[in-house]
Amino acid sequence: MADKMDVEAAEQQLKSMAHSEQHYFNSYNHHGIHEEMLKDEVRTRSYMNAIVQNKHLFKDKVVLDVGCGTAILSMFAVKAGAKHVIGVDMSTIIFKAREIVKVNGMEDKITLIQGKMEEIELPFPKVDIIISEWMGYFLLYESMLDTVLYARDKYLEKDGLIFPDKATIFACGIEDGEYKDEKIGFWDNVYGFDYTPLKETALAEPLVDTVEIKAAVTDPAAVLTLDLYTCTTADLTFSIPFKLTSRRDDFIHALVAWFDIDFTACHKPVRFSTGPHTKYTHWKQTVFYLDQVLTVQQGEEINFNLDVKPNDKNRRDLDIKIDYHLETQDATRQAQGSCQYKMC
Amino acid sequence: MSAAPNRPADRYPPASESGDSDSRDEEDWSDAEEEDDEEETLEVISLLDDRVFPDVMSMLAHCKEKHGFDFLGVRQRLQLDFHGCVKLVNFIRQRVHEGLSVTEDISWSDIDHEQYLKPVLDDDAVILGLFDLPELKPAVQGSNGNGDNAALVDDLLKRNSELQEELARVKTQFDSYRVAVQQTLDERWGDVDQAEAESSAAAKAGKGKENGEKKEDDSQYYWDSYAGVDIHETMLKDAVRTDAYRDFIYNNKHLFAGKTVLDIGCGTGILSMFCARAGAAKVIAVDASAIITKAQENIFHNNLSSIITCVRGRIEDVALPVDEVDIIVSEWMGYCLLFEAMLPSVLFARDRYLKPDGLLVPSHANIWLAPVSDPQYVADNITFWRDVYGFDMRAMQAGIYDEARVLTWPASSAPADPNSTIPAAPSAFKLLDLYQVQTSDLSFTAPFATTLARDIDALDGYLIWFDMFFSPTRNSAQSAVELASTAEAWAAADPQNRVAFTTGPHGRETHWKQGLLLCKPKAEEANNASTSKVGGEIKGEISFSIPEDHARGLIIKVAWNGNRSQTWSLR
């Protein structure tokens, strides 16, 4: 009965939020997304290994699980010997998490709190370890990183640990003519009609999809590394130049970005990647189609600049700008441009 | 003549100079003309009354002030050169002479007559003073010569009218862009308003909102969900859907030629453009979503703006530029046909705008149900939760028997095949004749029945889909769509004019997929010959209804085999 009232109160709270926020939290209320995340073996197994294989780090510690969802990470932490785990989630999925924790006999070890990290009060003044699966598409889209950083600054003991503690965004250039044609060229002729007004919109929307490794024309480059112990929310707005070196003579239609996640505190470091070279994850990769096609020769370097900032109106949306400059002796292949994208 | 002094327009003439003397006193005129030499002040008689002025500019200023007649404005508008001005002056004088009124809306055709080159007043000082007028914006040299000058004038006039036509064209184009921009802006402002409304609602402690208001919010969200490009890409690339509309419209051009068509929920405008290309005289495209601005651009780029008019808003609220239409075309179908509840809008438009003999495209729909039995699906999607990385997550199953799932069910082998996932023939349970159906008919209870073609371990659920029919006639005997008509067979009977498609698992995949209603397992059923063995009958009733708290949602209830009953919602 009390639970039912909680659910209603939570739903009421969700209703009073701004539309975009509401949509964000509501989208996590559905099972489908949790099923997808749990069935993402790369993700779930990496967290499991990082936690369960490091009992020496978790034994008798107080752990905070930021954005706990179905509480799977909280339960891993209990298995690893944590003294107590606090799971926090805004979404009403937390009521399911309570049931799950109960049937797994861990309700005395795990406290689940429904609410916004910034607004709730924890039963412990400080925690020894923060665990969180906060990553979004392109690492930062709809990510909870700012909430994790808030929790770090407010609750983490001086020598406390963060799982994971390092995230790196990578990028490389890909040949993707066929699909670009299908996605972007589609609007040139729709059942015999000119639909080009929708083409710009399509170009401005980064595509979350899987990319085959054979499409990669350049070596990958690490663009941004975030150290979760030291970074601040200001670091989530950045403008970074980087170079990509072509591996072969080919065309570049798009830039593809992905991220790697590290748990460096582990006895045996645990790491997973969401790149095109490795196993599928539900994050897939993020493809940014360029307005031009770059014609590159083996060994050539292309200069890029990646500019990312949260949207002024809705901070969970991202405004992204990619500048490119291919400088060659061959004037016909010279190319320079700037593309603006919005993830929303 | 060019040496004649320029006089500032604001220097007002002494009104007393010629007193009340008759302006048409020709003697006065001749005298003045003969006596004054170039440097002297001419007596300029007003075009519109009998006042006399020392120069043309002050006379014109008087006409503008006193009579509201802007000579220079008319000259500028008609781009009059010297001869044009002469004609204008004489035209005015002639009318005044005849006691007719003179207004500013004089057109070129009014004054373009040779007779107006002949002065109405001899030695009219106004005509002599025309050379002193400020130059036209595009300078026209009209002072030298007469013969070839006329040719030049004609040329310029011709060019002038061409330019004006072009200007009109550009104006129309600009107007259509302006509308698009305005709507985009409105939408932006609308967003802000909405955000403000929401935050103020939140400030009021977010107490329970009124029901009506809540339903409206739902609707807003519904429209918003169609504003993005993705969903339209999905729909346009759903070739089963888009091809069906295209084929019907293009194969039946005779039905569309010269007709007025209403497209409800036009989205990117594709159906409207099909109709326009098929020969419709006029298409009105209505959509409440912001995507309509894209439709407008698309229509413009395809040179169909003169045929298609876009109207943003709910069909129930907007004012259409016509009272009735010959054809209503709409792609209103949602998951399980009736989710999203757009059909009532089409029915509203049918009753409000469709001519008695008008056509509905599409014209009929029927809904199907088939039992499914698929142990693999159950293992992957239900049993899965019993052991997730060593944890019991059964709690996550909670909704699966209460919520309809939208998914693509793989085509099943024949029902009798031991590996079939659909072990019995599908059963059609509802036919919607769109000419007859009422909104109240969309909540209904209907019987269904089918017979197992093989033994099953368990009835795992029911699959729901629909078929769509596009009939070229509203004569129901000729349409001949029946409850159990299948899209394939019905269309095959008249492939020239009929078009139909299915969203069932046996057809090509569509973005509607199918609806899956999972049944709770019943242990005792496994050995019940009447419900799990070949020849066993599965029959009962299915009802569709609309949830009270979510006007665009759908509730489906199935009661079968006497004692089984379950309810699923789609939201």
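Heads up: the structure comes first, above all this text.
Before going into details, it helps to say that this report is about the structure given with it. Remember, predicted model here, so these are calculated numbers, not experimental data. (Residues numbered from 1 in each chain as written. Chains lettered and ligands numbered in written order. Predicted model: local features only at pLDDT ≥ 70, side-chain atom pairs only at ≥ 80, totals over all residues. Heavy atoms only, no water.)

**Structural notes on the overall build of chain A**
A count of helices and strands for chain A gives 10 helices and 15 strands. Per-residue burial for chain A yields a buried fraction of 56% across its 344 residues. (Helix = DSSP H or I, 4+ residues; strand = E, 2+ residues; numbered from the N terminus. Buried < 20%, exposed > 50% of the residue type's maximum accessible area, 1.4 Å probe, protein only.)

**Some words on the packing of aromatic side chains**
In this structure the tally under the stated criterion is 32 aromatic pairs over all chains. Pairing F76 of chain A with Y389 of chain B gives two aromatic rings, centres 6.2 Å apart and planes at 90 degrees, and the pair type is edge-to-face. With F76 of chain A in helix α6 (residues 72-79) and Y389 of chain B in the loop between α15 (375-381) and β9 (405-407), this pair bridges two chains. Comparing F76 of chain A with Y389 of chain B, the two get one shared label, buried. An aromatic cluster of three or more residues is present, and its members are Y245, F248, F256, F466, F470, F501 and W512 of chain B. Directly above the aromatic system of F186 of chain A lies the positively charged group of K237 of chain B, at a separation of 4.4 Å from the ring centroid. Geometry around F444 of chain B places K430 of chain B over its ring, the cationic atom sitting 4.5 Å from the centre. (Phe/Tyr/Trp six-rings, centres within 6.5 Å; stacked < 30°, edge-to-face > 60°. Lys NZ or Arg CZ within 6 Å of the ring centre and 35° of its normal.)

**Focus on the pattern of salt bridges**
Under the counting rule described, the total for this entry stands at 30 salt bridges over all chains. For R271 of chain A, the salt bridge identified is with D260 of chain A, shortest N-O distance 3.1 Å. Residue R271 of chain A is found in strand β11 (residues 270-273), and its partner D260 of chain A is found in strand β10 (residues 250-263); the two are separated by 11 residues along the sequence. Here D260 of chain A falls in the buried class, since its relative accessible area comes to 8%. With a closest N to O distance of 3.1 Å, D247 of chain B and R246 of chain B form a salt bridge. Accessibility expressed as a relative area gives 26% for R246 of chain B, which makes it partly exposed. (Salt bridge = Lys/Arg side-chain N within 4 Å of Asp/Glu carboxyl O.)

**Concerning unusual backbone geometry**
The omega angle of the peptide bond from F163 of chain A to P164 of chain A is -10 degrees, so this bond is cis rather than trans. That bond from V361 of chain B to P362 of chain B is cis: its omega, -5 degrees, falls within 30 degrees of zero. For A71 of chain A, which is not a glycine, the phi torsion comes out positive at approximately 75 degrees. With respect to the helices and strands, A71 of chain A occurs in the loop between β1 (62-66) and α6. The backbone phi angle of N561 of chain B is positive, close to 45 degrees, even though this residue is not glycine. Mapped onto the elements of the fold, N561 of chain B is located in the loop between β16 (554-560) and β17 (564-570).

**Considering the nonpolar core**
Residues and elements named next belong to chain B. Within the largest apolar cluster, 113 residues are counted, with the highest numbers of intra-cluster contacts made by L262, W332 and L338. No other element matches the six residues that helix α12 (residues 270-277) contributes to this core. Residue contacts for L338: discarding those within four places in its chain leaves W332, L343, I367, L432, L442, F444, F544 and L554. (Core = buried A, V, L, I, M, F, W, Y, C linked by side-chain atoms within 4.5 Å. Contact = heavy atoms within 4.5 Å.)

**So, the interface of chain A and chain B**
The partner chain B presents 44 residues to the 43 residues of chain A that form the contact. A buried area of about 3900 Å², summed over both sides, lies between chain A and chain B, and 62% of it is on carbon and sulfur atoms. In this assembly, chain A and chain B are joined by one salt bridge. One salt bridge connects E233 of chain B with K183 of chain A, and the closest N-O pair in it is separated by 3.1 Å. At the boundary of chain A and chain B, one finds 12 residue pairs in polar contact (both at pLDDT 80 or more). Sorting the residues of the side of chain A that touches chain B by element identifies α1 (2-15), α2 (19-27), α3 (31-39), α4 (41-52), α6, α7 (93-103), α9 (177-183) and α10 (197-204) of chain A as the ones contributing at least two each. Grouping the constituent residues of the side of chain A that touches chain B by class yields 18 nonpolar, 12 polar and 13 charged. (Buried area = accessible area lost by both parts, 1.4 Å probe. Polar contact = N/O pair within 3.5 Å; in protein donor to acceptor, adjacent residues only side chain to side chain. Nonpolar A, V, L, I, M, F, W, Y, C, P; charged D, E, K, R; others polar.)

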